[in-house]
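For reference, the chains in residue letters:
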Amino acid sequence: MQDTENKTLQIRLLKRMLLIRRFEEAAARMYGLRKIGGFCHLYIGQEAAAVGVIETLDMKKDYVLTAYRDHGTAIACGMECGPLMAELYGKESGCSRGKGGSMHFFDRKRHFFGGNGIVGAHIPLAAGVGMAVRHRKSGGCAVCFFGDGAIHQGSFHETLNMAKIWNLPVLYICENNRYGMGTDYRRVSSVTDFKAAGASYGIESFSANGMDVLEVCGITAGIIKKMRSENTPAFLELKTYRYKGHSMSDPARYRSREELDHFRDQDPIVMLRASMEKDGYINEEQFKKIDAEVKKVVDDSLAFAEESAQPSPGSLYEDILA
Ligand SMILES: Cc1ncc(C[n+]2csc(CCOP(=O)(O)OP(=O)(O)O)c2C)c(N)n1
Ligand SMILES: [Mg+2]
């Protein structure tokens, strides 16, 4: 890749990750002020996973699904921050009309199919999306993110078997942030190398450092290229870390200071910035400028959410299936 191309790519990745970080920091602040209520799971620390993977997709024909820790993935898919923040506020202008909240971001137009609250439940949904894109011969694929906690759900095992039998173009990505709520994944996993779970169904399986956005981009680009030509599923474990508690009510005291310090040194944004500075792609002043631009986008999203109307009481009876 040319130096200028590399620089443009890395600036784009840095901006996206910073936007997610600042959005999440603002969401945490507003939660503290009780502007936002209910469940809220932050993506701080995991930014490189969604940003690195989605950079390699063609969102005109590909589809993305994730679990309830969905803010970062939605932003990486190109959803605008205003309707996302408004959704957190429960406002009418939210991406799910204020009825979904933090766990249920959705954007059909941008091919982001949630935001799913039940652990592992969207894994079979992604197989359905894979089946649809294959049927339509659009050349697209589905990418399904889930946590280390979901890997022990029956839905994961049943779906991976079926995805291989039917050769569905779905990339299953386990974001292993080391915890399912307060439980260390090593306490509940008889096999801790999750690649083995994908491989046990005959699916080509990989793992990568999910804190390194360039590594994530590189490995995913190769997997997606192969998936498109061979129309077959793949599995990827991204080893990552969440810096905050599971949700807003979790002070996360189950982690040692040493562990936190170890992962703080691998902050995906700090690492990319340092590597860009070393390569002469960015200096302190340019970083500050990008950060200011990103903060303005988040501030505007807060203003949008504040000024938006509450859903009308009558809308309680809309969007109901039965
Ligand atoms: C089927 C089901 N069981 C339990 C829960 C409660 N629950 C919500 S999040 C969570 C932990 C999942 O952890 P993981 O898959 O690692 O995702 P992370 O929160 O780390 O992103 C659990 C058990 C749920 N939402 N759905
Ligand atoms: Mg987890």
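First things first, this report covers the structure right here in the doc. (Residues numbered from 1 in each chain as written. Chains lettered and ligands numbered in written order. Predicted model: local features only at pLDDT ≥ 70, side-chain atom pairs only at ≥ 80, totals over all residues. Heavy atoms only, no water.)

### Some thoughts on the pairing of strand E6 (residues 204-209)
As defined by bridge partners, E6 adjoins strand E7 (residues 234-239) across six bridges and the pair is classed as parallel. Bridge pairing in E7 links Ala 208 to Leu 238. Crossover handedness for the path E6 to helix H9 (residues 213-230) to E7: right-handed. (Pairing = 2+ DSSP bridges. Helix = DSSP H or I, 4+ residues; strand = E, 2+ residues; numbered from the N terminus. Right-handed = clockwise from strand over helix to strand, strands pointing away.)

### Section: the coordination of the magnesium ion (ligand 2)
Here the magnesium ion (ligand 2) is held by Asp 148 (OD), Asn 177 (OD1) and Tyr 179 (O), and the distances to it run 2.1 to 2.2 Å. Binding-site remark: the magnesium ion (ligand 2) is held by donors from one chain whose sequence spacing is D-x28-N-x1-Y. With respect to class, Asn 177 is no different from Tyr 179; both count as buried. (Donors = N, O, S within 2.8 Å, 3.2 Å for Na, K, Ca; no water. Buried < 20%, exposed > 50% of the residue type's maximum accessible area, 1.4 Å probe, protein only.)

### Let's talk about a nonpolar patch on the surface
Nonpolar side chains collect at one region of the surface, where Met 131, Met 162, Ile 165 and Trp 166 lie side by side and expose about 400 Å² of accessible area between them. You can see Met 131 is positioned in helix H5 (residues 122-136). (Patch = residues over 30% accessible without salt bridge, like charges linked within 9 Å, V, L, I, M, F, W, Y side chains within 5 Å. Areas by Shrake-Rupley, 256 points an atom, 1.4 Å probe, with all protein chains shown as cover. Salt bridge = Lys/Arg side-chain N within 4 Å of Asp/Glu carboxyl O.)

### Let's talk about the environment of Val 119
Mapped onto the elements, Val 119 comes out in the loop between helix H4 (81-89) and H5. The exposure class assigned to Val 119 is partly exposed, which follows from its relative accessible area of 34%. Along the primary structure Val 119 and Arg 187 are separated by 68 residues, whereas in three dimensions their C-alpha atoms are 18 Å apart. The contact partners of Val 119, leaving out residues within four places of it in the chain, are Tyr 68, Gly 149, Ala 150 and Gln 153. (Contact = heavy atoms within 4.5 Å.)

### Quick notes on the site of ligand 1
Around ligand 1, the structure places 15 residues, and the nearest of them are Tyr 68, Arg 69, Gly 149, Asn 177 and Tyr 179. Within the side chain of Tyr 68, one N or O atom sits 2.6 Å away from an oxygen atom of ligand 1. Between ligand 1 and the protein, one listed contact pairs an oxygen atom with a backbone N or O atom of Ala 150 at 3.3 Å. A total of 580 Å² of accessible area belongs to ligand 1 in isolation, and the protein chains cover 71% of it. Looking at the shell around ligand 1 residue by residue, the classes come out as six nonpolar, seven polar and two charged. (Near = heavy atom within 4 Å. Polar contact = N/O pair within 3.5 Å; in protein donor to acceptor, adjacent residues only side chain to side chain. Nonpolar A, V, L, I, M, F, W, Y, C, P; charged D, E, K, R; others polar.)

### Thoughts on the nonpolar core
A general trend in soluble globular proteins is that nonpolar side chains are found buried together. Ranked by internal contacts, the top residues of the largest apolar core, which has 69 residues, are Val 143 and Leu 171. Looking at this core element by element, the count peaks at eleven residues for helix H1 (residues 3-32). Leave out the neighbours within four places in its chain, and Val 143 touches Val 53, Leu 57, Tyr 63, Val 64, Leu 65, Leu 171, Ile 173 and Ile 224. Val 133, Ala 142, Tyr 185 and Phe 194 belong to the second-largest nonpolar core, a separate cluster that totals 24 residues. (Core = buried A, V, L, I, M, F, W, Y, C linked by side-chain atoms within 4.5 Å.)

### Here's the deal with the packing of aromatic side chains
Evaluation of the coordinates by the stated rule reveals nine aromatic pairs. Both rings, one in Phe 106 and one in Phe 113, keep their centres 5.3 Å apart while their planes meet at 10°; by these two values the pair is stacked. Judged by relative accessible area, which is 22%, Phe 113 ranks as partly exposed. An aromatic cluster is defined as three or more aromatic residues linked by ring pairs; in this entry it consists of Phe 146, Phe 156, Tyr 172 and Phe 235. One residue, Arg 273, lies across the ring of Phe 287, its end atom 3.8 Å from the ring centre. (Phe/Tyr/Trp six-rings, centres within 6.5 Å; stacked < 30°, edge-to-face > 60°. Lys NZ or Arg CZ within 6 Å of the ring centre and 35° of its normal.)

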